[in-house]
Amino acid sequence: MGRKDRKVVPDKPRDAADYYRLNTKAIDDLVEATPENSPKVSEKELRKYQSGPKIRLKDWVKAVLIKWWFAGAVCFFFYWGLGMMVPNMENLLLILGVGLGMVTNLLTNNVLRFWAKVPGGNDRWMMVNRRGVPGLLLDIFYGFLILGCVVVSYQGLNRLLIALTGAAKDSVPLGVEPIGFGLLATGWDFLFLGIRRTFRKILTDAREKARAGR
């Protein structure tokens, strides 16, 4: 049979509804899906469908970078920025402590909440989890505590450097600058977070032992 003798059979016309037919069971499963009835998917499989860079930072690394950056920014804007206008050191430290607490409450903690994989996932990196005015006041109090530890750290490091280098006793080998200030503030912050976590674990273990002994 030649090519000319071949009959072209037209495609069977399709109903327009075929193109828009939905699987109602799949839709119902999607609507009713919850973390409890959904299948478990590995983190490696989820990364295949995520956009952005492939390098994933650990949660604690993100927390360190966020806290370090904001603490350094507080030093830059409040300590360096107001240093010439507020010559009295006590007043400047008062402003710095209030600024550190407010930035922690209004910016640092909210960025940590925004980057959390699940709601409350980054609360362990915050000393104060309360919101509103009570949380702000507690963060300001905590900011003064961190600031006091940072001041003591600078004094101790300068004395150590003077002893090691033989510099004049009234000299200041290590001055206050954003990078170092941010590192010291973040270090003390994580130290207090670790102490709080340890005490909570001790209390939880004690309660479990008390319940088991009943």
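For the structure given in this document, a descriptive report is provided here. (Residues numbered from 1 in each chain as written. Predicted model: local features only at pLDDT ≥ 70, side-chain atom pairs only at ≥ 80, totals over all residues. Heavy atoms only, no water.)

**Structural notes on the side chain of Asp139**
Put simply, the rule reads: Helix and strand assignments come from DSSP, with helices taken as H or I runs of at least 4 residues and strands as E runs of at least 2, each series counted from the N terminus. A 1.4 Å probe rolled over the protein chains alone gives each residue an accessible area, and that area as a share of the maximum for its type sets the label: buried under 20%, exposed over 50%, partly exposed in between. Charge counting follows a simple rule: Lys and Arg are positive, Asp and Glu are negative, and His as well as the terminal groups are ignored. For salt bridges, the criterion is a side-chain nitrogen of Lys or Arg within 4 Å of an Asp or Glu carboxyl oxygen. Polar contacts, as counted here, are pairs of nitrogen or oxygen atoms within 3.5 Å of one another; within protein the pair requires one atom able to donate a hydrogen and one able to accept it, and residues that are adjacent in sequence qualify only if both atoms are side-chain atoms. Should any heavy atoms of two residues lie within 4.5 Å, those residues are considered in contact.
Among the secondary structure elements, Asp139 is positioned in helix α6 (residues 132-165). For Asp139, which is buried and forms no salt bridge, the nearest opposite charge comes from Arg113, at a distance of 6.6 Å. Polar contacts involving the side chain of Asp139 include one to the side chain of Asn105, which spans 2.8 Å. If sequence neighbours within four positions are ignored, Asp139 has contacts with Gly101, Thr104, Asn105, Asn109 and Val128.

**Structural notes on the pattern of salt bridges**
Applying the stated criterion across every chain, the model contains three salt bridges. Notably, a salt bridge pairs Arg124 with Asp59, separated by 3.4 Å at the nearest N-O pair. Of this pair, Arg124 sits in the loop between α5 (89-114) and α6 while Asp59 sits in helix α4 (residues 59-82), and the two are 65 residues apart along the sequence. Using a relative accessible area of 25% as the deciding quantity, one classes Asp59 as partly exposed. Notably, a salt bridge pairs Lys201 with Asp205, separated by 3.1 Å at the nearest N-O pair. With a gap of four residues between them, Lys201 and Asp205 both fall in helix α7 (residues 178-213), about one helical turn apart.

**Description of the environment of Phe141**
With respect to the secondary-structure elements, Phe141 resides in helix α6. The class of Phe141 is exposed, set by a relative accessible area of 62%. When the C-alpha atoms of Phe141 and Met102 are compared, they prove to be 9.9 Å apart, with 39 residues separating the residues in sequence.

**Things to note about the packing of aromatic side chains**
The description of an aromatic ring pair rests on the distance of the ring centres and on the angle between the ring planes. This is how it is decided: Ring pairs shown here join Phe, Tyr and Trp side chains whose ring centres sit within 6.5 Å, with only the six-membered ring taken for Trp; geometry is labelled stacked below 30 degrees between planes, edge-to-face above 60, and tilted in between.
This model, assessed by the stated rule, comprises six aromatic pairs. Relative to Phe70, the ring of Trp69 lies with its centre 5.2 Å away and its plane at 85 degrees, an arrangement referred to as edge-to-face. Ring centres 6.3 Å apart and planes at 70 degrees place the aromatic pair Tyr142 and Phe192 in the edge-to-face group. Taken as a pair, Tyr142 in helix α6 and Phe192 in helix α7 lie far apart in primary sequence, 50 residues in all. Looking at Phe192, the relative accessible area reads 18%, which means it is buried. An aromatic cluster of at least three residues, connected via ring pairs, comprises Phe76, Phe77 and Trp80.

**A look at empty space enclosed by the protein**
Using the following cut-off: The method works on a 1 Å grid over the protein atoms by themselves. A cavity is a set of points holding a 1.4 Å probe that cannot get out, a pocket is an open set with protein on both sides within 12 Å along at least five of seven lines, and residues with an atom within 4 Å of a point line them. Grid points are joined across faces, edges and corners, and a volume is the space filled by probe spheres set on the points. The nonpolar class holds Ala, Val, Leu, Ile, Met, Phe, Trp, Tyr, Cys and Pro. Asp, Glu, Lys and Arg form the charged class, and all remaining residues, Gly among them, are polar.
A full pass over the atoms with the stated rule returns one cavity of 30 Å³ or more. Roughly 200 Å³ of volume is contained in the largest cavity. Lining the largest cavity are 19 residues, with Lys67, Leu100, Thr104, Tyr142 and Asp189 positioned closest to its centre. Of all the elements in the fold, those that place two or more residues in the lining of the largest cavity are α4, α5, α6 and α7. The element contributing the most residues to the lining of the largest cavity is α5, with five residues. Considered class by class, the residues forming the lining of the largest cavity number 11 nonpolar, five polar and three charged.

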